[in-house]
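Analysis of the macromolecular model
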Amino acid sequence: TSFAGRNAFVTGGASGIGLGIAKALAKRDAFVIIADLRPDHIGKALKAMTAEGLGESVIAMELDVTDRAAYADAARRLDDELGGVDILVNNAGVGVEGPVLEATYADWDFGLGVNLGGVVNGLQSILPQMIAHGRGGHVVNTASLAASVVMPGHLAIYAAGKAAVLNLSENMRADLAAKGIGCSVLCPGFVRSNIHEAARNRPAHLREGSGFVASEQALAKRVVGNDWMDPDLVGEMVADAIVANELYVITHGQFANRMRERAEAVLSTTPPSAIQF
Ligand code: NAI
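A short tour of the structure in this document, coming up. (Residues numbered from 1 in each chain as written. Predicted model: local features only at pLDDT ≥ 70, side-chain atom pairs only at ≥ 80, totals over all residues. Heavy atoms only, no water.)

1. Some words on the nonpolar core
The nonpolar side chains of a soluble globular protein tend to be buried with one another. Rules: Side-chain atoms within 4.5 Å link the members of a nonpolar core, which is a set of buried Ala, Val, Leu, Ile, Met, Phe, Trp, Tyr and Cys residues. Here's how the labels work: a residue is buried when its accessible area is under 20% of the maximum for its type, exposed when over 50%, partly exposed in between, all with a 1.4 Å probe on protein chains only. Secondary structure counts use DSSP, requiring at least four H or I residues in a row for a helix and at least two E residues in a row for a strand, with both numbered from the N terminus. Should any heavy atoms of two residues lie within 4.5 Å, those residues are counted as being in contact.
Grouped together as the largest cluster of nonpolar side chains are 46 residues, with contacts concentrated most on Phe9, Leu88, Ile126, Leu127, Met130 and Val139. Only strand 2 (31–36), helix 3 (68–82), helix 4 (105–115), helix 5 (117–133), helix 6 (156–177) and strand 6 (181–187) provide two or more residues apiece to this core. For this core, the element with the highest residue contribution is helix 6, accounting for seven residues. Leu127 has contacts with Gly122, Val139, Met172, Leu176 and Ile181, leaving out every residue within four places of it along the chain. Counting residues in each nonpolar core, the second largest holds 31 residues, with Ile17, Ile42, Leu54 and Leu186 among its members.

If you want it as structure tokens, here you go:
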């Protein structure tokens, strides 16, 4: 299936998974608008896409997804100048991590602000035009496999935000369907990207008083594993899921047992009931 004539808006689209999604959609003839916080990532992404012959199918804008006023402006321009968004990919995220008991409000606000708030702002800013133009379309939200298993404490804020994104996607799918809009949630395992650069993506006012400084310095030195998945492959999985309107896009199988253990732990303490809701 071709996405010709469709506009795809991809947040965090200038690196890693977002760039993989941007490429996959452009390869299937969508017009892609990359939105990203980082001008250095944007420069490299446009070069990479041009090198792959996709330069005519992409433009980029600088946007911080936590900035609601800027997001509203961007939405207006997308509608006025490009005819509106068809495929909304709420993908921007940060690898916030640190000892949860040492978290300060700066750490909560940074982690949840981008990873959950960015999705909320994407929906609030872009969905109205998608519904108004009546062409249907699709929403993809990037969560994580961290949303579906019990994670160590240093990833608690990350996992909490991602669990919210997973739930939100599941719970809004029927309402979107009623408007002709599909919905998928991407839950990746390890994928090659720049997610270890969390500290660089943290705004100055949320650095002050952070309890995560040491963890973010350690994370910045993490080496990306060679066996981690190629983000271009993740992009292809997402494009396929849009075509098939599949709710879940699960990239890796290695968390399957932990997913089952968690579900069984909840069920094992659930009282039997004859009452049907
Ligand atoms: P990445 O760091 O390579 O790409 C994320 C992009 O988002 C970057 O270009 C960054 O500049 C941008 N960004 C960060 N904060 C932003 C903001 N406030 N506004 C706009 N753009 C912003 O990382 P990756 O791995 O590609 O991450 C993409 C998504 O995938 C994230 O939501 C992440 O949580 C999720 N994910 C990644 C996994 C992995 O192994 N790489 C695993 C599971 C989920």
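We are not done yet, so read on.
2. Remarks on the site of the ligand
Let me state the cut-off plainly: Throughout, near means a residue has at least one heavy atom within 4 Å of the molecule or strand. Contacts described as polar in this section are N or O atom pairs within 3.5 Å, which, within protein, must combine one atom able to donate a hydrogen with one able to accept it, while residues neighboring in sequence count only if both atoms come from side chains. Only the protein chains shown count as cover for residues, and all accessible areas are computed by the Shrake-Rupley method using a 1.4 Å probe. Gly falls in the polar group here, along with every residue not listed as nonpolar (Ala, Val, Leu, Ile, Met, Phe, Trp, Tyr, Cys, Pro) or charged (Asp, Glu, Lys, Arg).
Neighbouring the ligand are 29 residues; Ser15, Asp36, His41, Tyr158 and Ser193 lie closest to it. Contacts to the ligand include Ser15, whose side-chain N or O atom sits 2.6 Å from an oxygen atom. For the ligand, a nitrogen atom lies 3.4 Å from a polar atom in the backbone of Leu63. For the ligand, the accessible surface in isolation is 820 Å², of which the surrounding protein chains cover 98%. Across the shell around the ligand, the residue classes break down as 13 nonpolar, 12 polar and four charged.

3. Quick notes on the packing of aromatic side chains
How we decide: Under the pairing criterion, centres of Phe, Tyr and Trp rings, with the six-membered ring standing for Trp, must be within 6.5 Å; the plane angle then separates stacked pairs below 30 degrees from edge-to-face pairs above 60, leaving the rest tilted. Charge-over-ring contacts are defined here by two conditions on Lys NZ or Arg CZ: a distance within 6 Å of the ring centre and an angle within 35 degrees of the ring normal.
Counted by the stated rule, this structure contains two aromatic pairs. For the pair Phe9 and Tyr71, a centre-to-centre distance of 6.1 Å together with 55 degrees between the ring planes defines the contact as tilted. Highlighted residues: Phe9 in strand 1 (residues 7–11) and Tyr71 in helix 3, separated in sequence by 62 residues. Neither residue differs from the other here; Phe9 and Tyr71 are each classed as buried. Lying across the ring of Phe255, Arg258 places its NZ or CZ 4.6 Å from the centre.

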